[in-house]
Amino acid sequence: MADKILMKGNEAIGEAAILAGCRHYFGYPITPQSELPAYLAKRLPEVEGVFLQAESEIGAINMVYGAASTGARVMTSSSSPGVSLKQEGISYLAAAELPCVLVNVTRGGPGLGNIAPAQADYYQATRGGGHGDYRTLVFAPNSVQEMADLTIKAFDAADRFKSPVLILSDGVLGQMMEPVVLPDPVVFDPDTKEGTLTGKGSRKKRNLVTTIFLDADQLEEHNWHLYQKYQFVTDEFDHGSWKDYSCELHQTDDADIILVGYGIIARILKTVVEKCRKRGIKAGLIRPISLWPFPTRIISELSKKTKSMMVVEMSTGQMVDDVKLAVEGRIPVYFYGRTGGNIPSSFEILNEIDKIVRID
Amino acid sequence: MQQGTEEIIMAGFGGQGILFLGKVLAQAGMIMGHHVSWLPSYGPEMRGGTANCTVILSDHPIASPIVAEPDTLIAMNRPSVDRFQGKVKPGGLILYNSSLIDQVKQRDDVRVAAVPASAIADEIGSPRVANLVMVGAYLKNSGILKFDDVLKTLPSIIPSKKKEMSQVNIDALKRGFDSVH
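Residues numbered from 1 in each chain as written. Chains lettered and ligands numbered in written order. Predicted model: local features only at pLDDT ≥ 70, side-chain atom pairs only at ≥ 80, totals over all residues. Heavy atoms only, no water.

### Some words on unusual backbone geometry
Residues and elements named next belong to chain A.
Right, so step 1: The omega torsion across Gly-109 and Pro-110 is 0 degrees, close enough to zero to call that bond cis.
Right, so step 2: Take Pro-110: it is sitting in the loop between strand S5 (100–106) and helix H5 (122–126).
Right, so step 3: Trp-292 connects to Pro-293 through a cis peptide bond whose omega is -5 degrees.
Right, so step 4: Along the chain, Pro-293 turns up in the loop between strand S12 (290–292) and helix H10 (296–303).
Right, so step 5: A positive phi angle, close to 50 degrees, is found at Glu-328, a residue other than glycine.
Right, so step 6: Relative to the elements of secondary structure, Glu-328 occurs in the loop between helix H11 (319–327) and strand S14 (333–337). (Helix = DSSP H or I, 4+ residues; strand = E, 2+ residues; numbered from the N terminus.)

### Let's talk about the pattern of salt bridges
Right, so step 1: All chains considered together, the criterion is met by 26 salt bridges over all chains.
Right, so step 2: For Arg-175 of chain B, the salt bridge identified is with Glu-123 of chain B, shortest N-O distance 2.8 Å. With Arg-175 of chain B in helix H6 (residues 163–178) and Glu-123 of chain B in helix H3 (residues 117–124), the pair connects residues that are 52 residues apart, well separated along the chain.
Right, so step 3: Taken together, the salt bridges that share partners define one network made up of Arg-73, Lys-153, Asp-156, Asp-159 and Lys-193 of chain A. (Salt bridge = Lys/Arg side-chain N within 4 Å of Asp/Glu carboxyl O.)

### Some details on the pairing of strand S5 (residues 93–97) of chain B
Residue and element names in this part refer to chain B.
Right, so step 1: Burial of S5 is extensive: five of the five residues sit out of reach of the surface.
Right, so step 2: Here S5 shows two buried faces, one formed by Leu-93, Leu-95 and Asn-97 and the other by Ile-94 and Tyr-96.
Right, so step 3: Relative to S5, strand S4 (residues 72–75) is paired through four bridges, and the arrangement is parallel. Note on S5: the bridge partner recorded for Leu-73 is Ile-94. (Buried < 20%, exposed > 50% of the residue type's maximum accessible area, 1.4 Å probe, protein only. Pairing = 2+ DSSP bridges.)

### With respect to the pairing of strand S8 (residues 177–181) of chain A
All names here are of chain A.
Right, so step 1: Counting buried positions along S8 yields four of five residues, so the element is predominantly enclosed.
Right, so step 2: In terms of strand pairing, strand S1 (residues 4–8) meets S8 through five bridges, oriented antiparallel. Within S8, the residue paired with Leu-6 across the bridge is Pro-179.

By themselves, these are just geometric observations and shouldn't be taken as functional.
Okay, structure coming up:
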């Protein structure tokens with residue numbers, strides 16, 4: 001087994017990107033993700049890569065568009081307000097079906113907010129975020145190890161589905177250090193990609209990367225094509241080869257109450273499940289790993305076996321909507337949230353569960 | 001707290017090496033094969049402000065890296081005592097830098113130990129190793145990390161080019177260890 005290294009989450013993403021064959025990074029500093037560009041500023045030149053601090057987030061995301069057009073594996077990262085600035089570019093990347101990896105180390109919002117951890121960018125991440133009919137795949141790591149592992153998978157998914165893939169993290173995961181076993185390096189050759197802008201060469205027609213479709217029928221066709229692709233991605237996560245990255249289940253088989261949470265919250269919920277079980281409350285946990293596509297099918301199935309669900313988020317309630325859509329009113333879905341950079345403690349959550357169990 | 005788990009909060013002035021103190025504990029724990037996590041405070045802080053950091057050492061996978069009630073508080077300055085002493089778990093331990101903190105108001109339900117960390121560091125010849133003195137003091141009370149193991153791993157955790165400096169680090173660890181019971 002490879003050696004364990006003590007690393008920050010932000011740095012683990014950076015190293016994993018290099019191992020995935022990413023040689024281009026464009027970004028603009030913002031807390032709490034700045035260790036990631038700092039790390040890549042040092043590391044990318046060592047592997048003959050390009051690190052560029054753009055003049056703004058908008059500049060950075062459009063540089064991503066350019067690099068992705070050539071087939072290169074490319075990454076940008078930011079934190080909440082900075083990710084808002086990138087949304088126009090992300091819409092263009094999705095429309096042009098350009099693979100790239102985006103990282104949001106989420107902080108408290110709305111507005112300038114603060115630099116403490118939050119999960120209030122769930123809607124933005126899972127509903128597209130910019131204008132038009134599109135989605136981005138969204139991975140939600142819950143440890144420094146997963147920050148590395150899911151970065152590798154994010155690059156794979158981006159190429160496989162020709163789509164931007166977002167890693168939705170938060171200030172805690174970005175800043176904390178944990179032991180990491182770095183994944184094996186990936187052999188990646190940008191020249192094997194089709195449709196990229198690498199010069200006309202011996203082709204009869206030049207390749208074109210565009211997002212403009214002035215004819216209504218043409219744009220409609222393009223939109224339905226994207227829709228079909230998103231259906232395919234969803235199937236892949238529901239039943240196909242990406243199934244393992246949909247969600248993690250913990251003690252759900254006999255659970256009377258199933259907690260649902262992602263990222264750092266899921267780790268607190270694991271403690272809560274243990275404490276509940278010790279007190280005779282049969283609690284379980286669903287941890288979505290992929291936030292889009294959402295593990296709708298699994299949550300729907302479990303809602304037929306359990307008595308209630310409780311969603312916990314560091315927001316006033318966003319993912320809870322997706323859980324309710326999956327549950328379709330079969331059982332009560334409760335919510336507990338903290339915001340503004342506050343992190344709910346296992347005690348607080350236990351108190352909430354006590355109230356629910358009494359109601360039930 | 002689960003058995004086989006130690007949760008530590010350390011705090012002090014920016015510049016006292018608080019984050020590094022935590023890193024030494026986490027790194028030693030990792031090398032000895034334990035589960036570890038290290039979480040810094042990263043508020044809008046500046047030089048001379050306060051810094052704190054949470055470390056968990058455990059025989060089990062660590063569920064949440066966030067600690068509400070630490071087993072141990074390592075306080076390097078007065079504001080840290082004021083801010084964190086109330087959070088220490090009953091039966092827990094407060095190690096405080098008695099060179100900078102005159103006294104800690106006794107809580108009946110926790111143990112309090114004075115460690116003249118800054119004074120010891122000055123005696124050894126480097127005020128910068130007060131944090132390592134505290135690591136030594138912590139090891140006296142740790143059930144997970146053993147002093148000899150940490151001493152052995154110290155050169156890989158703190159690689160120093162100069163031999164005198166690595167001796168200072170070892171001295172700091174030893175003096176800290178011997179300063180508490």
